[in-house]
Amino acid sequence: MSYFFLDGYEDMEMYSPGEQPQDRPYIKLNANESSYPPSPAILTALSQVQINSMSHYEDPYNKQIRKAIGDRYDFSPEQVFVGNGADEVIGFIMMSFFREGFNIASADITYDFYRTYAKTFHLNYIQIPLKDDFSIDVDKFVDVDSDIILPNPNNPIGKALPVSEIERIVAKDPKRLVIIDEAYIDYGADTCLPLVNKYSNLIVVQTFSKSRNMPGARIGFGIADKELIDEMRKVKFCVSPFNLNTLSQSIGIAAVNDTEYLKECTSRTIEIRRWMQDELMKDGYHVIPTLTNFVFFRVDHMPASLMAAKLKERGILIRHYDDERIKDYLRITIGTRAEMELVMKYIREIAEEYKKESMKKAS
Ligand SMILES: *Cc1c(COP(=O)(O)O)cnc(C)c1O
């Protein structure tokens with residue numbers, strides 16, 4: 001450690017994203033990225049004028065993209081905050097509303113980044129166990145004496161809560177901030193955006209990284225009461241006023257306006273997801289119901305980590321977690337139909353191979 005690095009940062013826990021190995025080409029189904037390109041409307045938006053706009057700073061109020069997002073979801077631009085990905089939006093929420101020693105509660109099995117934020121900002125991170133069926137234990141969240149951050153649907157599980165259940169959590173105490181991360185909302189779950197005009201202690205976060213197929217553009221947004229959004233912008237102006245680059249703002253507007261393409265991509269993913277779930281169930285896997293662009297299922301007949309390793313040998317990356325509670329599970333992002341057929345073929349090969357080897361060892 002250098003002489004200058006802060007003591008408190010020594011045990012910082014860095015977020016570990018899905019691996020991106022470069023040793024060979026892989027089919028990447030480990031980070032819930034998309035196998036589809038972003039909206040073709042983006043190319044039209046990227047005119048020479050837009051490219052030349054890079055010679056100036058972007059409007060730090062991000063007026064145009066906030067208006068486009070607001071119009072799309074029926075909110076005033078004053079209720080919209082945009083960031084360099086949902087992760088940054090959550091970062092600004094942390095900087096604006098949380099300080100050392102504050103409590104924040106989430107689920108025990110959820111998006112790892114929340115724990116990273118909590119550690120970085122020296123918060124007490126309260127992990128409320130999912131129920132046995134891996135659903136969020138709403139009663140416990142209603143009762144917990146703490147601010148709350150939850151993804152809906154949950155990652156890496158895939159299950160979603162109905163809006164009425166989230167409302168119970170939000171309505172319990174207006175002095176309790178509730179952040180609902182809707183990264184996967186376009187794949188079939190109901191958004192709790194309608195609650196925003198009813199409750200001033202709710203922030204809903206969404207992203208262009210999943211359903212709009214553009215994680216590389218880094219665009220995320222938060223929608224909340226105007227006052228909260230104003231305060232987040234104050235903090236943004238103190239840390240990184242030009243947080244979103246000019247090109248991302250232009251293409252973001254084009255993407256948010258192309259509702260038809262969004263629908264086309266998500267419908268296709270939902271259809272392939274149904275196929276993949278059916279195939280896995282046919283083979284006897286326990287598949288968790290999902291409203292996302294991934295499936296999460298249990299591998300009983302062999303170590304799940306071995307299945308993941310064998311798939312990697314065959315050029316396919318998926319996600320396995322070491323957490324005790326889900327170590328027998330795998331998460332696979334829904335790619336194209338051809339990609340999923342290949343994955344299923346390999347899963348069957350690997351399972352068969354393992355069975356033969358175990359029988360050989362036994363005899
Ligand atoms: C992928 C993901 C994000 C990250 O979104 P970015 O906009 O790429 O930063 C946030 N929350 C959850 C639950 C995710 O799965």
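Just so you know, these numbers come straight off a predicted model, no measurement behind them.

About the criteria used
- Residues numbered from 1 in each chain as written.
- Predicted model: local features only at pLDDT ≥ 70, side-chain atom pairs only at ≥ 80, totals over all residues.
- Heavy atoms only, no water.
- Helix = DSSP H or I, 4+ residues; strand = E, 2+ residues; numbered from the N terminus.
- Expected span 1.5 Å × (residues − 1).
- Buried < 20%, exposed > 50% of the residue type's maximum accessible area, 1.4 Å probe, protein only.
- Polar contact = N/O pair within 3.5 Å; in protein donor to acceptor, adjacent residues only side chain to side chain.
- Near = heavy atom within 4 Å.
- Areas by Shrake-Rupley, 256 points an atom, 1.4 Å probe, with all protein chains shown as cover.
- Pairing = 2+ DSSP bridges.
- Axes fitted to C-alpha atoms, helices over the stretch in contact; angles between N-to-C directions.
- Contact = heavy atoms within 4.5 Å.
- Salt bridge = Lys/Arg side-chain N within 4 Å of Asp/Glu carboxyl O.

Draft legend 1. Seen up close, helix H9 (residues 246-257). Between its terminal C-alpha atoms H9 stretches 17 Å, which fits the 16 Å expected from twelve residues at 1.5 Å a residue. Burial of H9 is extensive: ten of the twelve residues sit out of reach of the surface. For H9, the full list of buried residues reads Thr 246, Ser 248, Gln 249, Ser 250, Ile 251, Gly 252, Ile 253, Ala 254, Ala 255 and Val 256. Between a side-chain oxygen at the N-terminus of H9 and the backbone nitrogen of Leu 247 the separation is 3.0 Å; the capping residue is Asn 245.

Draft legend 2. Focus on the site of the ligand. In the vicinity of the ligand, 13 residues are found, and the nearest of them are Ala 86, Asp 181, Tyr 184, Thr 207 and Lys 210. Separating an oxygen atom of the ligand from a side-chain N or O atom of Asn 155 is a distance of 2.9 Å. The separation between an oxygen atom of the ligand and a polar side-chain atom of Ser 209 is 2.6 Å. For the ligand, the accessible surface in isolation is 390 Å², of which the surrounding protein chains cover 93%.

Draft legend 3. View of unusual backbone geometry. Geometrically, the link from Asn 152 to Pro 153 is a cis peptide bond, its omega value of -5° lying close to zero. By secondary structure assignment, the location of Pro 153 is in the loop between strand S5 (147-151) and helix H7 (163-171). The step from Asn 155 to Pro 156 runs through a cis peptide bond, and the omega angle for that step is 10°. Note that Pro 156 resides in the loop between S5 and H7. Positive phi, close to 70°, is recorded for Phe 134, a residue that is not glycine. Mapped onto the elements, Phe 134 comes out in the loop between strand S4 (124-128) and helix H6 (138-143). With relative accessibility at 5%, the residue Phe 134 sits in the buried group. The backbone of Asn 213 sits at a positive phi, close to 55°, despite the residue not being glycine. With respect to the helices and strands, the residue Asn 213 is situated in the loop between strand S7 (202-207) and strand S8 (220-223).

Draft legend 4. Representation of the sheet that holds strand S10 (residues 294-298). The sheet built from three strands is open, its strands ordered S9-S10-S12 with antiparallel pairing. At either margin of the open sheet sits one strand with a lone partner, and together these are strand S9 (286-288) and strand S12 (329-333). Strand after strand, the sheet turns through a mean of 30° between neighbouring axes, direction not considered. Against the sheet, helix H10 (residues 259-282) makes contact with S9, S10 and S12, and its axis sits at roughly 10° relative to S10, the strand it touches most.

Draft legend 5. Inspection of the pattern of salt bridges at higher detail. Summed over the entire model, instances satisfying the criterion amount to 23 salt bridges. Arg 233 serves as the salt-bridge partner of Asp 230, at 2.8 Å between the closest nitrogen and oxygen. Taken together, the residues Asp 230 and Arg 233, both in helix H8 (residues 226-239) and three residues apart, mark about one turn of the helix. Owing to a relative accessible area of 24%, Asp 230 belongs among the partly exposed residues under this scheme. Look at the salt bridges and you will find they share partners, linking Glu 279, Lys 282, Asp 283 and Arg 348 into a network.

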